[in-house]
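Residue-level structure breakdown
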Amino acid sequence: PSPTGGPTASPTPSPTRTPTVSPTSAPTSSPITSTPTGSPTRMWQPGNNEADPGELSTSNVQTPGGMYNMLPLNFTVDGETIGPCFCMNEERGVPTTTTAYTVADPAAITDSIFGIMFPNPNTGIYEHAFPEGVVLEKAQRALCGLDSAYGGVQNNPHGQYTARQVQFAIWRFTDNSREGEQYAANPGYFSQQLIDDVENDLLEPVTTTLMLSPSTSTQNFLCIDQTPAGS
């Protein structure tokens, strides 16, 4: 979305007024890790109170906060509630609370799931602004910067940024977006420092579960998850 004023609570990605951010509950243990993915360590099966690859969400909670008063989201999958969750596709629409999302298999995640692609000036081939595999890792590092007041990792010395600042940072890597820069003068809206720290790998990746939309018209979401899908 490219607002003409400040963002607003709109079911579409075209906000018209200034957003507000409300805190969400924080994870109870630290999901920060230097290895974002790994081999499964538990049984994938329905009824284990864990979000496992291929399972569908049973509810999507749109909590006040985030970019357009619609984010961060929390998803409930197989009895587990994960989140907060952040948009990985800036140009797509916001889902309804009845939209069933699918837990992504970490082994099947590619950058084609995220953001938009641009034509390479040298080859004319459409591709992401960053090499394959970098987008997800950078988004996980950006989530490390989320303040615990907004659902970030507790007792994290790097957690000093608002949900809005983290979302703009993620969009820089998924969509090569510069949208947040227009709000740089507003405290809590945009942080170039967070983007710089992510680019320089100064923040550790947070463990996450990716929730896939059933439609290419609505956003995919990356959620903080202390027991990530596929672990």
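Please refer to the structure higher up on the page.
Quick look at the structure, then. All values derive from a computational prediction rather than experimental measurement. (Residues numbered from 1 in each chain as written. Predicted model: local features only at pLDDT ≥ 70, side-chain atom pairs only at ≥ 80, totals over all residues. Heavy atoms only, no water.)

1. Remarks on helix α3 (residues 192-199)
Using the following cut-off: Residue exposure (1.4 Å probe, protein chains only): buried if accessible area is under 20% of the type maximum, exposed if over 50%, otherwise partly exposed. Every helix listed is a DSSP run of H or I at least four residues long, and every strand listed is a run of E at least two residues long, numbered separately from the N terminus. Directions are taken from the helix axis to each C-beta atom, and the arc is the one they span. Under the rule applied, a polar contact is a pair of N or O atoms within 3.5 Å (in protein, one hydrogen donor and one hydrogen acceptor; residues adjacent in sequence only if both atoms are side-chain atoms).
Those residues of α3 not exposed but buried are Leu194, Ile195, Asp197 and Val198. Across the axial projection of α3, the buried residues extend over an arc of 165°, all falling on one side. Among the residues of α3, the N-terminal cap falls to Ser191, whose side-chain oxygen and the backbone nitrogen of Gln193 are separated by 3.4 Å. Following α3 by one or two positions, Asp201 has its phi on the positive side, about 55°.

2. Here we look at helix α1 (residues 134-143)
Spelled out, the test is: Only heavy atoms enter the contact rule, under which two residues are in contact if any of them lie within 4.5 Å.
The element α1 is largely enclosed, with a buried count of eight among its ten residues. Of all the positions in α1, only Val135, Leu136, Lys138, Ala139, Gln140, Arg141, Ala142 and Leu143 are classed as buried. Contacts made by the buried residues of α1 are with β3 (80-87), α2 (163-174), α3, β7 (208-212) and β8 (221-224).

3. What to know about the packing of α1 against α2
Packed helix pairs are specified by the crossing angle of their axes together with the interaxial distance, meaning the distance between the axes. Under the convention used in this document: Orientation is described by axes fitted as lines to C-alpha atoms, over the contacting stretch for helices, and by angles from 0 to 180 degrees between their N-to-C directions. Orientation categories follow fixed angle ranges, with anything under 35 degrees roughly parallel, anything over 145 roughly antiparallel, 65 to 115 roughly perpendicular, and all other angles oblique. In this scheme the crossing of two helices becomes right-handed for a clockwise turn of the near helix relative to the far one and left-handed for an anticlockwise turn of less than a right angle. Gly is put with the polar residues, along with every residue not named as nonpolar or charged; the nonpolar set is Ala, Val, Leu, Ile, Met, Phe, Trp, Tyr, Cys and Pro, and the charged set is Asp, Glu, Lys and Arg.
In contact at an axis separation of 9 Å, α1 and α2 are set at 165° when each is read in the N-to-C sense. It follows from the interaxial angle that α1 and α2 lie roughly antiparallel. Note on packing geometry: the crossing formed by α1 with α2 is right-handed. Where α1 approaches α2, its residues Val135, Lys138, Ala139, Ala142 and Leu143 are matched on the opposing element by Val166, Ala169, Ile170, Phe173 and Thr174. When grouped by side-chain class, the residues that make up the contact of α1 with α2 number eight nonpolar, one polar and one charged.

4. A few points about the state of the cysteines
Applicable threshold: A pair of sulfur atoms, both from cysteines and within 2.5 Å, is called a disulfide here.
Counting across every chain of the model gives one disulfide. Disulfide partner of Cys85: Cys223, at an S-S distance of 2.1 Å. Because the torsion about its S-S bond is 105°, the bridge between Cys85 and Cys223 counts as right-handed. One end of the pair, Cys85, is in strand β3; the other, Cys223, is in strand β8, and 138 residues separate them in sequence. Look at Cys85 and you get buried, because its relative accessible area is 0%.

5. Description of the side chain of Asn220
Relative to the helices and strands, Asn220 resides in the loop between β7 and β8. Within the structure, the side chain of Asn220 is placed 3.1 Å from the backbone oxygen of Ile113, a separation counted as a polar contact. Separated by 2.8 Å, the side chain of Asn220 and the backbone nitrogen of Ser213 make a polar contact. When residues no more than four places from it in sequence are discounted, the contact partners of Asn220 are Phe86, Cys87, Met88, Asn89, Arg92, Tyr101, Ile113, Met211, Leu212 and Ser213.

6. Focus on unusual backbone geometry
In this chain, Gly83 is followed by Pro84 through a cis amide linkage whose omega measures 5°. With respect to the helices and strands, Pro84 occurs in strand β3. Its identity as a non-glycine residue notwithstanding, Asn176 has a phi of 50°, on the positive side. With respect to the helices and strands, the residue Asn176 is situated in the loop between α2 and α3. Even without being a glycine, Asp201 presents a positive backbone phi close to 55°. Tracing the sequence through the fold places Asp201 in the loop between α3 and β7. Taking relative accessible area as the criterion, Asp201 reaches 37% and is therefore assigned partly exposed.

Without other data, these values stay purely geometric and don't point to any function.
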